[in-house]
Amino acid sequence: MNKVLTYIIIGILLLCLVLIRAFENVLFYDPYLTFFESDYLYMDSPRREIAKLVLFTTLRFVLNTIISLGVLYLVFKDDSIVKFSVIIFTTAFILLLIPFLYFVINPRQEDYYLFFNIRRFLIQPIGLILLLPAFYYYKLNR
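Residues numbered from 1 in each chain as written. Predicted model: local features only at pLDDT ≥ 70, side-chain atom pairs only at ≥ 80, totals over all residues. Heavy atoms only, no water.

(A) The arrangement of the nonpolar core in detail. Tyr-32, Phe-100, Phe-115 and Leu-122 are the most contacted members of the largest nonpolar core, which has 35 residues in total. Contributing elements (two or more residues each) for this core: helix H1 (3-22), helix H3 (32-37), helix H4 (50-76), helix H5 (79-105), helix H6 (112-123) and helix H7 (126-141). Excluding residues within four positions of it along the chain, Phe-115 makes contact with Tyr-32, Phe-36, Phe-100, Phe-103 and Val-104. (Core = buried A, V, L, I, M, F, W, Y, C linked by side-chain atoms within 4.5 Å. Buried < 20%, exposed > 50% of the residue type's maximum accessible area, 1.4 Å probe, protein only. Helix = DSSP H or I, 4+ residues; strand = E, 2+ residues; numbered from the N terminus. Contact = heavy atoms within 4.5 Å.)

(B) Region of the structure containing the pattern of salt bridges. Tallied over the full model, the rule gives seven salt bridges. Two residues, Arg-60 and Glu-24, come together in a salt bridge whose shortest N-O distance is 2.7 Å. Of this pair, Arg-60 sits in helix H4 while Glu-24 sits in helix H2 (residues 24-27), and the two are 36 residues apart along the sequence. You can call Glu-24 buried: its relative accessible area is 8%. Salt bridges sharing common partners tie together Arg-21, Glu-24 and Arg-60. (Salt bridge = Lys/Arg side-chain N within 4 Å of Asp/Glu carboxyl O.)

(C) View of the packing of H5 against H6. At a minimum axis separation of 9 Å, H5 and H6 run at an interaxial angle of 140°. Here H6 runs oblique to H5, going by the angle between their axes. Every pair of crossing elements has a handedness; the one defined by H5 and H6 is left-handed. Of the residues in H6, those in contact with Phe-93, Leu-96, Pro-99, Phe-100, Phe-103 and Val-104 of H5 are Leu-114, Phe-115, Ile-118, Arg-119, Phe-121 and Leu-122. (Axes fitted to C-alpha atoms, helices over the stretch in contact; angles between N-to-C directions. Parallel < 35°, antiparallel > 145°, perpendicular 65-115°, else oblique. Left-handed = near helix turned anticlockwise from the far one by under 90°.)

(D) Structural context of the side chain of Gln-124. One can find Gln-124 in the loop between H6 and H7. When its relative accessible area of 15% is taken as the criterion, Gln-124 is described as buried. A polar contact is formed between the side chain of Gln-124 and the side chain of Arg-21, at a distance of 3.2 Å. Here Gln-124 is in contact with Arg-21, Glu-24, Arg-60 and Asn-64, once residues within four sequence places are set aside. (Polar contact = N/O pair within 3.5 Å; in protein donor to acceptor, adjacent residues only side chain to side chain.)

(E) Spatial organisation of the packing of aromatic side chains. Inspection of the entire model under this criterion finds seven aromatic pairs. Put simply, the rings of Phe-100, Tyr-102, Phe-103 and Phe-115 pair up and form one aromatic cluster. The aromatic ring of Tyr-29 is capped on one face by Lys-52, whose charged end is 4.7 Å from the ring centroid. (Phe/Tyr/Trp six-rings, centres within 6.5 Å; stacked < 30°, edge-to-face > 60°. Lys NZ or Arg CZ within 6 Å of the ring centre and 35° of its normal.)

(F) Summary view of the environment of Val-86. Position of Val-86 relative to the elements: it lies in helix H5. Distance from Val-86 to Leu-69, taken between C-alpha atoms, is 7.7 Å for residues 17 residues apart in sequence.

Structure, rendered in structure tokens:
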């Protein structure tokens, strides 16, 4: 694949990540979107359907992960990086979903800030932001 086409596809994938973020209110059920936009440290947790919230959070994580894996593959063209990234993303999802569920089921005001950050790792493509420079550095030193 020539470089121009690769850059165009990377741009399209990054645009997909932006569109997921731009249309998050329409695409995903998440009562915490508006909750965390307000002065949440002094409010009660919003009403929520736990199963639906976990399903849509998982869907958003999977979409971000698939797009991130595509970007990583196109940037490095290395299957081992993609395989390692799948392991990282899967482990991160499992390790983050456990406290996410705890905070959703047992909301307490003193835990809101920690919950906000755990939720952010699940719904934003932070994995790509962390892995892209890490693998670039790895490639430079290899």
